[in-house]
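A look at the structure
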Amino acid sequence: MNNYNINICIKSELKDLQQFINDHWRENHILATNRNIMNWQHYNKENGKYNFILAKHLKSDAIHGVLGFIPVNHFDKAIKEKDLWMALWKVREDISAPGLGLSLLKYLMNYENPRSISVLGISPETIPLYKYLGFNTGVMNHYYIINNNIKKFNLIKNYKRLEQTYPVKETSIKMIRYEKSNFLSLCERSKFFTLNKMIPNKTPYYIYQRYFSHPIYNYCVYGLENNNDIVGIIVIRLTSYDSSNALRLVDFFGDAHELSGLFNPFQKLLQEFRAEYIDFYNIGIQKQLLLSNGFFQRNSDNGVIIPNYFEPFERKNVDIEYAYKCENGHHFNICKGDGDQDRPN
């Protein structure tokens, strides 16, 4: 790699980075066209740089490769643990530089020295590479609940009302919607965030910055409360196509057993938003726990289509591949809101 200068993207290189993304990743990609999203997701105010590794050819000064990353503490600098998500990783296809992509990753690992490093939305062709590098790989589980009050569906396809014994037990847990104005003050009165040490670590301010402060999307944050104390946090986003709605459960923080008995509250949400379904991509939550609480797991056997893409809308199932590596073999939860999967296109 003697022909390259590999470093963190500085402000003056942003225009060239965006041009690279447009020319070599995807034309009109939102990171190439929308500086607000780029700044929100990748600009580090502390060092005045962008969370992208650039490989610049010494002779031409052209960018030949990039690797974006999103540290969890990008949304809360008080988080001390180094957990990070890889984002856009690309080497130009019209140049010959074997090993350049791995050099970008090596630089990132040395620069951040993370406790965990993860990525969502990888292509199947890259899975052998991630395995070779010691990553755990797989496909995210995709669960859904259908609105019982809707008889004719516009978004989903091939769904037939299935016989299922929904949970009948009562729960003392209430699902309370939190507003941006009082979210942090509510969390200050709870021991929930100090008692729950999940990986990656998420704090009230992380949730505030990641979801309440998103420059484009409007997220709904709900607290699961038992005896007026927080026992879990759920983040939901409403999305629509052709006057039909869907709810996306993009993040969950807490003990997954606290989801038990919440089928009826989910039904109330579906009816409130007039949504056909609520879906939930995740890794780390026991399958039987979700199935026993009213979720179905999407699979290819019954032909049911639960769309994932809405910008533009595509009525098809989408598998989201993941890869992660964590020191000491820690196992942790992954949701669709992690990394860069839940962002505007």
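Each remark here, short or long, concerns the structure printed above.
Bear in mind that the values here come from a model prediction, so they are computed numbers and not experimental data.

Quick notes on the overall build of the protein chain
Secondary structure assignment for the protein chain yields 10 helices and 16 strands. Over its C-alpha atoms the protein chain spans a radius of gyration of 21 Å, differing by no more than 12% from the 20 Å that the globule rule assigns to 345 residues. Principal axes of the C-alpha set define a box for the protein chain whose edges measure 70 × 45 × 35 Å. Within the span of the protein chain, comprising 345 residues, buried residues form 54% of the whole.

Considerations on the pattern of salt bridges
A complete count under the given rule lists 14 salt bridges for this structure. The residue Asp61 makes a salt bridge to Lys56 at a minimum N-O spacing of 3.6 Å. A salt bridge links Arg177 to Glu179; the shortest N-O distance between them is 4.0 Å. On the basis of relative accessible area, Arg177 is assigned to the partly exposed category, the value being 39%. Residue Glu179 is classed as partly exposed on the basis of its relative accessible area of 41%. Each of Glu13, Lys56 and Asp61 takes part in one network of salt bridges that share partners.

About the cut-offs
Every chain's residues receive numbers from 1 upward, in the order its sequence appears when written. In keeping with the predicted nature of the model, local features appear solely for residues at pLDDT of at least 70, side-chain atom pairs appear and are counted solely at 80 or more, and the whole-chain, interface and lining totals rest on all residues. With hydrogens and water excluded, all non-hydrogen atoms of the structure serve as input to the side-chain values. Under the scheme used here, helices are H or I runs from DSSP no shorter than 4 residues and strands are E runs no shorter than 2 residues, and both carry numbers assigned from the N terminus. Radius of gyration: C-alpha atoms only; globule rule: 2.2 Å multiplied by the number of residues to the exponent 0.38. The rule is simple: take the accessible area with a 1.4 Å probe, protein chains only, and divide by the maximum for that residue type; under 20% is buried, over 50% is exposed, in between is partly exposed. When a carboxyl oxygen of Asp or Glu lies within 4 Å of a side-chain nitrogen of Lys or Arg, that pair is called a salt bridge.

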